[in-house]
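For reference, the chains in residue letters:
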Amino acid sequence: NRLLPREYCAKDSYPNVLCLEYNDLLYTDNDGLERMVKTIKQKIQESFPYFATVPLNEKAAIERVRDIVEVSKGTRGYDPRRYGILPSKVPPPQ
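Residues numbered from 1 in each chain as written. Predicted model: local features only at pLDDT ≥ 70, side-chain atom pairs only at ≥ 80, totals over all residues. Heavy atoms only, no water.

S.K.: Pulling in residues and values, what's your account of the nonpolar core?
M.R.: For soluble globular proteins, nonpolar side chains are generally found buried alongside one another. Core analysis: the largest hydrophobic core is formed by 5 residues, namely Leu33, Met36, Val37, Ile40 and Ile62. Looking at this core, the element that brings in the most residues is helix H1 (residues 30-47), giving 4 residues. (Core = buried A, V, L, I, M, F, W, Y, C linked by side-chain atoms within 4.5 Å. Buried < 20%, exposed > 50% of the residue type's maximum accessible area, 1.4 Å probe, protein only. Helix = DSSP H or I, 4+ residues; strand = E, 2+ residues; numbered from the N terminus.)

Structure below.
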């Protein structure tokens, strides 16, 4: 059940596409979350050389994933200003 056809993952044809396997995004605990973020960071840096030259904040990425999980569970409300992302139904801050 691929969302993206395999041919789009060919670096010689589509160098601006990063393909991840479903299992790359799975984790069951905090250690797994940290490993997942490190793995994705490594794949981004290997696929796009520019990102090997700039700092990528793993701690911030881990916190963002935790925030997404909490909002998805409904244990914390969505604050659209937290990451500067404003859905069209949320008015901008005054």
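S.K.: With reference to specific residues and values, describe the environment of Leu33.
M.R.: Looking at the secondary structure, you find Leu33 in helix H1. By relative accessible area, Leu33 is classed as buried at 2%. In contact with Leu33, not counting residues within four places along its chain, are Tyr27, Ile62, Val65 and Arg66. (Contact = heavy atoms within 4.5 Å.)

S.K.: Explain the state of the cysteines to me, and be specific about the residues and the numbers.
M.R.: Following the criterion strictly, the structure yields 1 disulfide and no others. Each disulfide pairs two cysteine sulfurs, and for Cys9 the partner residue is Cys19, the sulfurs being separated by 1.8 Å. Between Cys9 and Cys19 the disulfide shows an S-S torsion of about -95°. By sign, it is left-handed. On the criterion of sequence distance, the pair formed by Cys9 in the segment before H1 and Cys19 in the segment before H1 is long-range, its members being 10 residues apart. (Disulfide = S-S within 2.5 Å.)

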